[in-house]
Each structure stands twice: as C-alpha cells, then as structure tokens.
Amino acid sequence: MDLKSKLISEYKELEKTLTPGIARDEAIAAFESVGFPAKKNEEWRFTNIAPITNGSFTVRMDSAISRKEIEKYKEYNFDANVIVIHNGHYNGELSKIHNTDSKIIIGNLFDAKNIKSAAVKNHYGKSALAAADGFTALNASFSEAGVFVLVKKNARLEKPLIILNITDSNDTMSNTRNLIILENNAYADVSEVYYSENKNVSNCVTEIFLSENSELHHNKIQNDGIESFHVGTTSVHQEKSSRLYSNVISWGGAFIRNTLNSLIDGEGIDCYFRGFYLAKENQFIDNHTLADHAKPASHSNELYRGIIDANGSTVFNGKIMVRKDAQKTNAYQTNNNILLSDDASANAKPQLEIFADDVKCSHGATTGQINEDEIFYLRARGIGESEARKMLLSAYAREVIDEISFGQMRELVSARLEEKLSS
Amino acid sequence: MLSIKNLKAKIENKEILNGINLEVKPGEVHAIMGPNGSGKSTLASVLTGKEGYEATAGEVLYNGQNLLELSAEDRAREGIFLAFQYPVEIPGVTTTNFMKTALNEIRKSKGQDPMTAGEFLKRLKDKAALVELDPELAKRYVNVGFSGGEKKRNEIFQMAMLEPKLGILDETDSGLDIDALKIVANGVNKLRNKDNAFIVITHYQRLLDYIVPDFVHVLYKGKIVKSGTKELALQLEDEGYDWIKEEVVS
C-alpha cells in the first residue's frame, strides 16, 4: 500500500478517537483529493519528497520520556516557559509554565477548553489552509498535540516560551499543530526547537495571528538527526503596525522543508524573515518563503544565508508579492550561499510579483566560495588558515544568528555554530 | 634581517620580478619607488606569501630562514606585517575580535598564553591613540563602511597592535589627504626603533617627507635599477621617472 492510501485508511480507523471540534473530515478529504505534492507543482519543483512517500510511516506512536532525559536538553533549563512535546504527544507533566498572567493562555491546543474556545474557532485553519497543500491537510486531519498561545490585549508574555519537540520513534509521522494569537499591543517570544532521532517525519504547522501593534519574536531551530524528515509550515497573518521577527535555523535532518508565509494585511507592518542553514553530508534543506503585501505602506525584510558542504543541497525560494493596493511598500530580500565543496549545491530562486507602481523592492542572491582575499587578510595577521575560514564562516552566519533576541537561545545557537564549523 | 638575492617571480606565467637584490638591517627604513606596473606591490605580495605569486628563482632569507617556505600566517607570526594597499572589508568580524584572535594566534605559535582581557584592552587603547584612531571604530566590523583614510589608519593601528619586526607599507599614502598622511606617518615614526625595520612602497615622494628613509630604491620592470638616499626621492619628485627609464635603456 502506498503512503497516501495507508494514511487515509489509518484515518478511518482512528477517526472516532481523535479530538473533535475541528474540521478533520474536510481535511482528510482535501488530502485525498490533492495528495502529496507532485514534482510538477511549482512550489515543490526542486524538492524531491520520494524519500518520504516511499517510506511506510504511521501516525500511531507512543510517548515515554523521563524528567532525567528531558533535562539533558539545555533549552529545558532556560529561564523560560517550556512545553514538551514528545513523539507527537503533549507532555503536561514535564512542561513548565511560569506564566500567571490571566490575560495570557499557554497550553495544549487540543484541550477541550481551548479547542472549543471562540479564539480557536475564529482562527484555527484560517491561515494555513488544508485545501492548499497535502501536508497541511494531513496535519489538520491527524493533529492531536500542539501549543496554544493567546496573549490578550496589552498583555506581555514576560518569559519566552520554548516548545521543545523531541521525537525518537521509528517509521512514524507526527502532526503537531501550534496556534499563536497576539491581540492588540501584545508581545511574546516563542521558540520552536526540534530534536528528532531515528527515521520519522515531523509534519508541523504553526499558525500565527498578530493584531494591531503586537510584536512576536518567533524562532524555529532544527537540530534533528541524520535520518529525520521535517515538513513545516508557519503561516502568519499580520494586521496594522504589527511586528514579526522570524529566525529559522536549520542544521539537522536528512530532509527539511520549511514554508513560511506572512500575509501583510495592514499599514505600518514590519516583517523580518531571517534564516541560516547548514547542509552537510546527505542533507537537503529547503526554505520557501512568501512576504505577501496586501495593504499599503508596510515593510518586509528578508535575509537567508546558507553554508553547504560535502554533497549537501539546499533550496531557497523567496517570493515577494505586492498586490495592487499595496502602494508605498518597502520589500527587500537577500539570499547568500557559500559552497564548501564541489559536490554541494544551492538552488536560489527569488521571485518578485509586483502589481503596484509606487514601491521599493529589491532582491539579491549570491552563491560562491569563501572570499580568498578575506582569508589572506586574516592569514597575513598570523591567523592560521583553518581558523581564518572558521572565523569568516562564523561571522557570515552570525549576522543572522545575532538577530535572535532571546539571549540564552542566541548563545546556545552560537555555541552550536562554533561546534559545527569545527567538526 | 631581510636578505633578498636575485628574486624572480611570476603571476599566471607573467614574469613580474626580474632579479631583485635588497638587504634590510634592523633599524633601517627602505623606500621602494617606481612607476606603475614596475612590480612594487608584487614584491610585497611575494614577501608576505600571497597565493598565486610564485617565486621562480633566487632566495629570500629572513633572520636566517628561508622565508619563501613559510605560510602567510607563519611569516606574520615571525614578525612580518603588510599594511595593505587595499585593506579588505570583513563583515561580521569586529576589529577588536580580529586583533585579539591574531595576537593570541601569534602568542600560541610561540608557546605563550593568551593575553588577559585587561592587557589586551590597554594595548588597544594605547595603540589607537598612537594613530589617532577612535577606539569606537575597533568595535565595528573590520573596515566595513570606513573611509579610505580610516582604512589606512586601521592598517597602521593593526601594525602597532602586532608590533612586527618588519613592516611593509604598500602604498599606504595613496588616497590620503595631507592631514591623514601626517597622522599615519607619525604613527609609523613612533613605532620605529633599533630592532625593527620598514619597507615603504610608494609612488610619490610626499610620504617620505614624513617617514624619512635611510635608503631609496627605484624599481623598474621588476628590477632595482637605482639605489640611493632620500635625495634620490626628491630628484624623482622633480624629474619624474623618465630619466631612469632612459638610463636603463641606454
């Protein structure tokens, strides 16, 4: 049985046991109709998903993890709210929620009181549409765990929130689903951190709604093992004067596909997309982004940088859409790739679609090697060649990593970067 | 200190240096002048180990060892410093971090411990004052967004930080206005002592009013065709290079 049929029949078996209250039947029907993305789908043209679709993955999985095991993860001990999701199960016992502000809700999206709430009803599935994409449809069919964040008007989540996703099951597909809602003038800092070992697929969807003048710092940090697959969609809806600071750090996994979209649906919005990826032996990392300017006088700024070594390969597809009404848009995009080996490949595809006439938009993509003049300059001061290379690569990556505003997270990511550049 | 004998070198199969002879002793300042394309910068690149510059004949002894066998970083660790004609911008690396790493790599090669933070900061402050460089500039990425004059001053600042035995200044005067030129020259003069030496490569005599050389050499078509004292530089300033070219031809 192929994976599509297998998953559809699993849905039929599990249907009665899944948390009610969301449009699962419609989602599985959408999956049945669109299936997994085909190569001829423009959004997936450079992304070979055969390693996933040729596998035999089940959505059935168990979770057992001890406090001792979880404490090994440095992020767990940060000064932050931490939610643990293990093998696609929300672990309330190990999660640490420090927040006591009644204007802030943090918890399992699929708890009855959350899933039935008006806030969820009004937002769930409204940004990441199940009908648009097979993986999103699968997620909407099966998701049973994920984080719900609601920061009400004028409230501020004092400590950052870390969603610590740990997966160690074999031949499984987990479908976690997060929903983050910031009301007017609200503030939050949320990091999704992923650690997967063994052969499994993480199919994650995060929907984000930012109301007027709210500010979200959102990090996605992917530290997966060499057998793991990750397909993730982060879908954002921004209203007037809201600010999004998104940082995506990808350096694990056999296969990563990140889709990041923001609908810039008001004036005075800032939308920052930043990413750093490091692909080594047998790794494939694909980032697809869309800054969708629907209203006038907003600003988006994107910087994605990659280092590709051995036979690693990457895709960057960044689209800026400026709709007819979005006059006075400022939209910038840069993608840089450094190839460290002859077998490494980087596929960069910037796309500008502009339907307004009074806008400032630019994009630039570069792919090359480390600058030898810079290497010589450092060596001429007594710095050894390998140290010089490491310094330059580190500096290149840190222009992205330094944008992570959560200090402990930034320091951990920087330390990991140094380790990875030394190995 | 430095002994160059019959040095020939090429880049991409093009002979640029055609048998250079030069002796530099501690405490001396040598000026190397010459028209464009005579090989001045190539000599600097060969001495500092830039890749792509291949010595095809002759030898270069530096304190008794074969310089040409050393890597660029080992030459720097042994006390050779090049002030670049075109200083390189290094986005993402602050001058402070650059100098700290360089100093500690040099110390490590000599089996010394890294400098303490206090020692390093003191040196940074002192040396920045020496070249009248705003110490705030050291917190910025190396040469990024610097003016031409700031870049050249940053070179001399780095030289002061690393305290080389042999400083090679490659057209440090180009692109400098007279005030910046005086500051740079003044910095070099303060660094001069009986144990170190400088090779000052320049197209114009102007810099040599401020950094007074012990010897002046004229490089033409890859060879030193005339050597003298500082008066030779004045003569070149007055009469240009044509008479040298005629002498060589005849």
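Structure: above.
Quick caveat: nothing in here was measured; it's all calculated off a predicted structure.

**Q** It is not clear to me how the environment of K127(B) should be interpreted in this structure. Could you clarify?
**A** Residue and element names in this part refer to chain B. In this structure, K127 sits in helix 4 (residues 117-130). The exposure class assigned to K127 is buried, which follows from its relative accessible area of 16%. Sequence separation of K127 and T101 is 26 residues, and the distance between their C-alpha atoms is 17 Å. If sequence neighbours within four positions are ignored, K127 has contacts with F157, A160, M161 and E163. Within the local environment of K127, its side chain forms a polar contact with the side chain of E163, the two groups lying 3.1 Å apart.

**Q** Please explain the sheet that holds strand 9 (residues 166-170) of chain B as it appears in this structure.
**A** Adjacent strands of a sheet form backbone hydrogen bonds with each other and so pair up, either parallel or antiparallel. All names here are of chain B. Strands sit in the order 6-9-10-3-11-12 across an open sheet of six strands; the sheet is mixed. Only two strands of the sheet have a single neighbouring strand rather than two, namely strand 6 (80-83) and strand 12 (223-228). Going from strand to strand, the sheet's axes swing by 20° on average, the running direction of each strand aside. Where strand 3 (residues 29-33) and strand 10 (residues 197-201) come together, four bridges link them in parallel fashion. Residue pairing in the sheet places V29 in a bridge with F198 of strand 10. Lying on the sheet, helix 1 (residues 40-48) is in contact with strand 3, strand 6, strand 9, strand 10 and strand 11 (215-220); it crosses strand 9 at an angle near 145°. Across the sheet, helix 7 (residues 230-239) touches strand 3, strand 11 and strand 12, and the angle it forms with strand 11 is around 45°.

**Q** What's the story with the interface of chain B and chain A in this structure? I'm lost.
**A** Counting residues at the interface gives 33 residues for chain B, matched by 17 residues for chain A. A buried area of about 2,100 Å², summed over both sides, lies between chain B and chain A, and 63% of it is on carbon and sulfur atoms. Our count for the chain B to chain A interface comes out at four salt bridges. With a shortest N-O distance of 2.9 Å, R379(A) and E51(B) are connected by a salt bridge. Summed over the shared surface of chain B and chain A, the result is eleven residue pairs in polar contact (both at pLDDT 80 or more). Of the residues forming the side of chain B that touches chain A, the biggest block, seven residues, is contributed by helix 3 (residues 95-109) of chain B.

So, how was this worked out
Residues numbered from 1 in each chain as written. Chains lettered and ligands numbered in written order. Predicted model: local features only at pLDDT ≥ 70, side-chain atom pairs only at ≥ 80, totals over all residues. Heavy atoms only, no water. Helix = DSSP H or I, 4+ residues; strand = E, 2+ residues; numbered from the N terminus. Buried < 20%, exposed > 50% of the residue type's maximum accessible area, 1.4 Å probe, protein only. Contact = heavy atoms within 4.5 Å. Polar contact = N/O pair within 3.5 Å; in protein donor to acceptor, adjacent residues only side chain to side chain. Pairing = 2+ DSSP bridges. Axes fitted to C-alpha atoms, helices over the stretch in contact; angles between N-to-C directions. Buried area = accessible area lost by both parts, 1.4 Å probe. Salt bridge = Lys/Arg side-chain N within 4 Å of Asp/Glu carboxyl O.

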